[in-house]
Amino acid sequence: MSQQPVLLPYADPAFVADPFPVYRQLREDGPVRRAVIAGGLDAWLVTRYEDGLAALSDPRLSSDVRDASDPRLIERLPATDRESALRNMLRTDPPDHTRLRRLVSKAFTAHRVAGLRPRVQEIADRLLDAIGPDGRADLVESYALPLPVTVIGELLGVPVTDRHDFQRWTDDLVLQGAAPPDRVRTDEAWRNMRGYLTGLVAAKRDRPGDDLLSALVTARDEERSLDEDELIAMAFLLLVAGYVTTVNLIGSGIAALLAHPDQLRMLRDDPALLPGAIEEFLRYDGPVNPGIARFAREDVTIAGVDIPRGATVLVASAIADRDPDHFPDPDRLDISRRDNAHLAFGHGMHYCLGAPLARLEGQIAIGTALRRLHHLALAVPPGELRWRPGALRGPERLPVTFTADAPA
């Protein structure tokens, strides 16, 4: 007998602020739970770590939304350009996924990303130089948001004057919250984004630069490895993936430290803990909520639960990453935690290509803020922080008080 879906209470501000008690109950109720998730969609949540790890490598579970039986998943995509919206690495499987990923993988190796460290540090310092002369600031608006926007914009070769536009269109496409998306708004944002990227690609073709988008244009023109739709979809994915989740990592990480003064003191006393702290922020309150979508190509059984062909399977990393069978004392923030192999970046062939860059930006952004902003504290009670509802989790604002170092 099919399970009756559990309705996740996205309309409840208490759930949006802290979904983890509900998630814990779902995990305790069973390893696979049917639920109504953001946007009113029906999904099967894989709630435990080992099952989630296996599901992310299961070839019976597709990343292509066209394998889903729920037509709303296709209908949510831009009506005017649906085919292009489907042709990126997140929504394809081999062999297309293998070909697309190979084209950009060299730009995101640990070695190449490490070479970006001086520039990311320069951006972080410049942003902190400009904030809060009165010792007050919103660290999302003035810091966590512009830092990754600037980094990915420079990496792709997006002119500085255009970055506000792509940020606004991205927000309209992916940050509309838990309700079904506003179709008029998303279609308009996609038309604007596609029109802009088409023009930018043409400009890179005429005058290539030392940036990733120019390299992709060259690959498309010389090797015919990308068609035009794939090129636009790739540029869109890299802009979105390089911006939204990293904003949430930085904002959630700082918020977690401010809510746990013992961990904040520990990190201030020993900055060498910072790389491990980033992994703990990703595990404890990661930017993807509740997890990573797959679609059943055939009837499958996961942890003894039968799931029908076409169903949406959500590997619920936000739930599985607090599985006590894998993480001791999982509801405790512990920046010194070892063996912290969380699922926030996925697993298998779709493991997040931008993970090295996100880690670098998180380390520099949070480390620099702690080094330069003294007596850092929330300017509102923790319960008054507003969190984004829906599939991407992070604080909407992060008002803080501090005393600052002089500009670098």
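Scroll up to find the structure this text is about.
Scope of this entry: the structure provided in the associated data block. Since we're looking at a predicted model, the values are computed, not measured.

Comments concerning the overall build of the protein chain
Secondary structure summary: the protein chain contains 19 helices and eleven strands in total. For the protein chain, whose C-alpha radius of gyration is 21 Å, the value lies close to the compact-globule estimate of 22 Å for 408 residues. Seen through its C-alpha atoms, the protein chain measures out along the principal axes to roughly 60 × 55 × 40 Å. Of all 408 residues assigned to the protein chain, the portion counted as buried reaches 55%.

A short note on the packing of helix α6 (residues 96-105) against helix α14 (residues 228-241)
One way to put it is that α6 packs onto α14 with a least axis distance of 12 Å and a crossing angle of 60°. Here α14 runs oblique to α6, going by the angle between their axes. As α6 packs across α14, the resulting crossing turns out to be right-handed. Listed contacts from α14 to Arg 99, Leu 100 and Val 104 of α6 are Glu 230, Met 234 and Leu 238.

So, the environment of Gln 167
Along the chain, the position of Gln 167 falls in helix α11 (residues 163-174). Remark: the alpha-carbon pair of Gln 167 and Tyr 243, spanning 76 residues in sequence, is separated by 8.4 Å. In contact with Gln 167, not counting residues within four places along its chain, are Leu 145, Val 149 and Tyr 243.

Concerning the pairing of strand β9 (residues 312-315)
Here β9 shows no split at all, with Thr 312 and Leu 314 on one side and Val 313 and Val 315 on the other all buried. Where strand β3 (residues 42-46) lies against β9, three bridges are found, and the strand directions are parallel. The residue of β9 that forms the bridge with Val 46 is Val 315. The pairing of strand β6 (residues 292-296) with β9 spans four bridges and is classified as antiparallel. Following the sheet pairing, Ala 293 is matched in β9 by Leu 314.

Re the environment of Ser 252
Among the secondary structure elements, Ser 252 is positioned in helix α15 (residues 244-259). Taking the C-alpha atoms as reference points, Ser 252 and Asp 165, 87 residues apart in sequence, are found 25 Å from one another. Ignoring anything within four residues of it in the chain, the contact list for Ser 252 reads Asp 285, Trp 387, Arg 393, Gly 394 and Pro 395.

Considerations on helix α2 (residues 20-29)
Those residues of α2 lying buried are Phe 20, Tyr 23, Leu 26 and Arg 27. When α2 is viewed along its axis, its buried side chains cluster within an angular range of 115° and face the same direction. Along its buried surface, α2 packs onto β1 (6-7), α1 (13-17), β2 (32-36), β3, α17 (274-284) and α18 (317-320).

Section: the sheet that holds strand β10 (residues 373-378)
Read from one edge to the other, the open sheet built from three strands follows the order β5-β11-β10, with strand pairing classed as antiparallel. The open sheet has two edge strands with one neighbour each: β5 (136-138) and β10. For this sheet the average axis-to-axis angle between neighbouring strands, irrespective of direction, equals 30°. Relative to strand β11 (residues 399-404), β5 runs antiparallel, the two sharing three bridges. Paired with Ala 137 across the bridge in β11 is Val 400.

Details of empty space enclosed by the protein
Applying the stated rule across the entire model yields two cavities of 30 Å³ or more. What the largest cavity holds in volume is close to 70 Å³. Leu 282, Gly 286, Val 288, Ser 317 and Ala 318 are the residues nearest the centre of the largest cavity, which is lined by 13 residues in total. Those elements giving two or more residues to the lining of the largest cavity turn out to be α17 and α18. By residue number, the principal contributor to the lining of the largest cavity is α17, which donates three residues. Per-class residue counts for the lining of the largest cavity are seven nonpolar, two polar and four charged. Considering only enclosed or pocket space, the second largest cavity measures out at about 40 Å³ in volume. Among the residues forming the lining of the second largest cavity, the class breakdown is five nonpolar, two polar and two charged.

Analysis parameters
- Residues numbered from 1 in each chain as written.
- Predicted model: local features only at pLDDT ≥ 70, side-chain atom pairs only at ≥ 80, totals over all residues.
- Heavy atoms only, no water.
- Helix = DSSP H or I, 4+ residues; strand = E, 2+ residues; numbered from the N terminus.
- Rg over C-alpha atoms; globule rule 2.2 N^0.38 Å.
- Buried < 20%, exposed > 50% of the residue type's maximum accessible area, 1.4 Å probe, protein only.
- Axes fitted to C-alpha atoms, helices over the stretch in contact; angles between N-to-C directions.
- Parallel < 35°, antiparallel > 145°, perpendicular 65-115°, else oblique.
- Left-handed = near helix turned anticlockwise from the far one by under 90°.
- Contact = heavy atoms within 4.5 Å.
- Pairing = 2+ DSSP bridges.
- Arc of directions from axis to C-beta.
- 1 Å grid on protein atoms, 1.4 Å probe; cavity = no way out; pocket = protein on both sides within 12 Å on 5 of 7 lines; lining within 4 Å.
- Points joined across faces, edges and corners; volume = space filled by probe spheres on them.
- Nonpolar A, V, L, I, M, F, W, Y, C, P; charged D, E, K, R; others polar.

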